[in-house]
Amino acid sequence: MPTLEEIQNGFQKAILEGDKSILTQIPDTPKEKNDVLLGIYQYAYSARLIEFLENDYPQLHAYLGDEQFDQLCRAYIAETPSHTPNARWYGNELPIFMENSSIWSEQLQLPELARLEYSLNIVFDASDEPLLRLDDLAQIPPEQWPSLVFSPVQATRRLEMETNVTDIWNALVTDQAPPDVQGLADPLQVLVYRDDQQSSFRSMSYEEAMMWDKMAAGVPFGVLCELMATWGGEDDAAMRAGSFLHGWISAGLITDQIDMTNTSRGAP
Amino acid sequence: MTTLSQKPQPLGFGLGLRPPHYPDILDGIEGIDWFEVISENYMIPGGQPLRILDEIRERYPVVQHGVSLSIASTAPLNMDYLADLKKLAKRVKPRWISDHLCWTGVHGINLHDLLPVPYTVEALDHIVERVDKVQDYLGQRIALENVSTYVSFKSSEMTEWEFLTALAQRADCWLLLDVNNVFVSAFNHGYDPHTFIDGIPTDRVVQFHMAGHQDNGTHIVDTHDHPVRSEVWDLYAYTLKRFGAVSTLLERDDNIPDIRELIAELDQARAIASRLNIDFHSAADMEQIS
Ligand SMILES: [Fe+2]
């Protein structure tokens with residue numbers, strides 16, 4: 001008599017690899033052959049995973065159409081068995097899968113569309129964190145400002161798009177025909193974030209994007225101002241930095257966890 | 001651990017919580033006594049789904065229903081999963097937590113399906129031990145649900161209802177009796193569903209599931225995408241007669257209709273209960289008094 005472990009190994013093999021050895025352990029029913037019945041589980045496996053991907057990538061699905069999206073899903077599923085107990089995370093690797101695939105990255109807007117949808121999904125149910133308020137800032141003595149390190153909330157993602165994929169997404173989501181794909185001379189800087197419980201995104205100027213990225217990397221505010229002066233000119237560099245920060249705090253993009261660096265520039 | 005006399009009181013007629021219905025529910029639509037939530041859907045870091053769940057659990061009794069416990073798997077229990085489940089339960093404070101008598105994968109892989117178990121003594125011993133560990137870890141009894149099965153195993157040494165009964169008694173857990181799954185499995189394996197119902201101990205069942213299925217002629221598939229079939233309503237009536245008032249939940253996972261259609265189906269269940277003179281409310285009141 002086979003052990004429970006042997007039965008489960010055999011059954012999983014049938015589902016993942018189509019190896020039907022387990023059929024010797026499965027009787028026919030009065031009305032149906034055992035291989036037809038085992039086939040219900042084999043069919044359901046990919047059908048269910050495809051459904052997860054459809055939920056996570058509705059605009060990519062719309063853009064590719066049923067047939068191509070199905071092909072993409074099956075290619076992903078063949079390479080990516082699920083290691084998560086939660087269906088919500090199964091599709092997380094789809095953008096990487098596409099970026100690494102010669103077929104699916106040939107049209108650059110495809111992995112970019114996947115990456116955009118993935119980012120919208122991730123910020124949608126990212127952690128709720130206590131936010132920094134403008135009032136909190138007023139409490140901080142001016143001499144401490146240069147050493148403050150601000151942190152973006154987890155419900156944000158930064159993207160750089162080399163195609164007009166955001167226009168494509170905007171058309172798809174309103175059921176309009178997507179525009180022709182265009183390569184961009186300068187990558188579009190995008191911030192994906194959560195606004196009033198819904199995922200959203202907007203473009204950023206190069207300067208704002210660079211300041212955001214440096215801030216997210218832990219660079220203190222004083223150094224951010226100096227970098228702004230280098231990038232965009234000395235004039236009112238600190239004011240530009242302050243105005244970006246003000247905007248981010250007002251939009252609820254910065255946590256209340258402010259760090260202080262105690263080594264200011266020039267100190268030993 | 002609780003004693004059997006502390007079996008939770010019946011909650012009436014509830015619905016599986018599904019996002020398309022959030023607006024109507026938050027508007028206070030009437031006709032739903034309680035909600036069952038899929039635990040995994042809320043085992044997420046934060047955001048709107050958890051906020052909505054917080055609001056709903058303020059207004060309604062809620063139970064948690066999981067799909068990935070994989071209690072029958074020969075792979076080790078996933079302690080990260082259990083930690084997340086416990087964390088959610090701390091937030092939701094569900095009336096009870098359920099999952100399925102099934103396995104979902106081995107070797108670290110999740111097949112995301114409710115896979116069938118051979119009804120052997122070996123499997124029973126294995127699952128009893130795991131239920132024990134899970135209940136200890138969660139600090140409460142869990143309820144396990146009979147699944148729809150399309151295959152059986154030659155090695156089975158007992159019937160499904162004998163297996164469920166022995167499991168509930170030995171592991172001291174609750175049962176969630178899915179009446180549609182009884183119907184589906186009975187059809188597929190060629191036995192009388194009434195024998196199954198009669199074989200389940202009444203003092204262990206805390207919840208019923210009702211759902212629609214798809215009849216493929218030689219076999220039935222548990223699809224949750226149709227209204228409940230009349231044969232399954234008949235079996236529900238038979239089940240109610242045996243068990244009395246038990247929290248009844250309607251599941252719909254695909255082709256999700258307007259919530260009013262589902263409330264109309266709940267009213268069908270209510271009508272059957274009242275035709276049989278089974279009063280859920282006085283049963284609940286009596287439990288509260290005792
Ligand atoms: Fe069920």
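Residues numbered from 1 in each chain as written. Chains lettered and ligands numbered in written order. Predicted model: local features only at pLDDT ≥ 70, side-chain atom pairs only at ≥ 80, totals over all residues. Heavy atoms only, no water.

Some details on the sheet that holds strand β4 (residues 198–204) of chain A
Residues and elements named next belong to chain A. Put simply, the test is: The pairing criterion is simple: DSSP has to find at least two bridges between the two strands. Numbering goes from the N terminus for both helices and strands, where a helix is a DSSP run of H or I of at least four residues and a strand is a run of E of at least two. Note on geometry: axes are C-alpha line fits, over the in-contact stretch for helices, and angles between N-to-C directions span 0 to 180 degrees.
Here we have three strands laid out as an open sheet, ordered β2-β3-β4, and antiparallel in their pairing. Each of the sheet's edge strands pairs with one partner strand only, and the pair in question is β2 (156–163) and β4. Each adjacent strand pair in this sheet contributes to an overall mean axis angle of 30°, direction not counted. In terms of strand pairing, strand β3 (residues 183–195) meets β4 through seven bridges, oriented antiparallel. When the bridges of β4 are listed, R194 appears paired with S199.

Some details on the pairing of strand β4 (residues 97–100) of chain B
Residue and element names in this part refer to chain B. The line we're drawing: Relative accessible area decides the class of each residue, using a 1.4 Å probe on protein chains only: under 20% of the type maximum gives buried, over 50% gives exposed, and in between gives partly exposed. The definition of a right-handed crossover adopted here requires that, viewed with the strands pointing away, the path from the first strand over the helix to the second runs clockwise.
Residues I97 and D99 point to one face of β4 and S98 and H100 to the other, with burial holding for every one of them. As for the winding sense of the linkage, the β-α-β connection from strand β3 (residues 62–65) through helix α3 (residues 79–92) to β4 is right-handed. With four bridges joining them, β4 and strand β5 (residues 142–145) adopt parallel strand pairing. Within the sheet, the bridge partner assigned to I97 lies in β5 and is I142. Following the backbone out of β4, through helix α4 (residues 121–138) and into the adjacent parallel β5, one traces a crossover that is right-handed.

Description of the interface of chain B and chain A
Keep this limit in mind: By definition in these notes, contact holds between two residues if any of their heavy atoms fall within 4.5 Å. Buried surface area refers to the total accessible area, computed with a probe of radius 1.4 Å, that the two partners give up upon joining, counted for both partners together. For this document, the term salt bridge refers to a Lys or Arg side-chain nitrogen within 4 Å of an Asp or Glu carboxyl oxygen. A 3.5 Å cut-off defines polar contacts: any pair of N or O atoms within that distance qualifies, except that in protein one atom must be a possible hydrogen donor and the other a possible acceptor, and neighbouring residues in sequence count only when both atoms are side-chain atoms.
Counting residues at the interface gives 50 residues for chain B, matched by 48 residues for chain A. For the pair chain B and chain A, the two sides together bury roughly 4200 Å², of which 60% comes from carbon and sulfur. On the chain B side of the contact with chain A, B:L111, B:H112 and B:Y150 bury the most area, a combined 15% of that side's loss. Summed over the shared surface of chain B and chain A, the result is two salt bridges. The closest approach of N and O atoms between B:R51 and A:D128, which form a salt bridge, is 3.6 Å. The interface formed by chain B and chain A contains 26 residue pairs in polar contact (both at pLDDT 80 or more). Counting only elements with at least two residues in the side of chain B that touches chain A, the list comes to α2 (48–59), α4 and α6 (179–189) of chain B.

Looking at the sheet that holds β5(B)
Residue and element names in this part refer to chain B. Spatially, β1-β2-β3-β4-β5-β6-β7-β10 is the arrangement adopted by the eight strands of the closed barrel, whose pairing is parallel. Across the sheet, the axes of successive neighbouring strands diverge by a mean angle of 30°, strand direction being ignored. Helix-sheet contacts for α3 involve β3 and β4, and the interaxial angle to β3 is about 170°. Against the sheet, α6 contacts β5, β6 (174–178) and β7 (205–210), and its axis sits at roughly 65° relative to β6.

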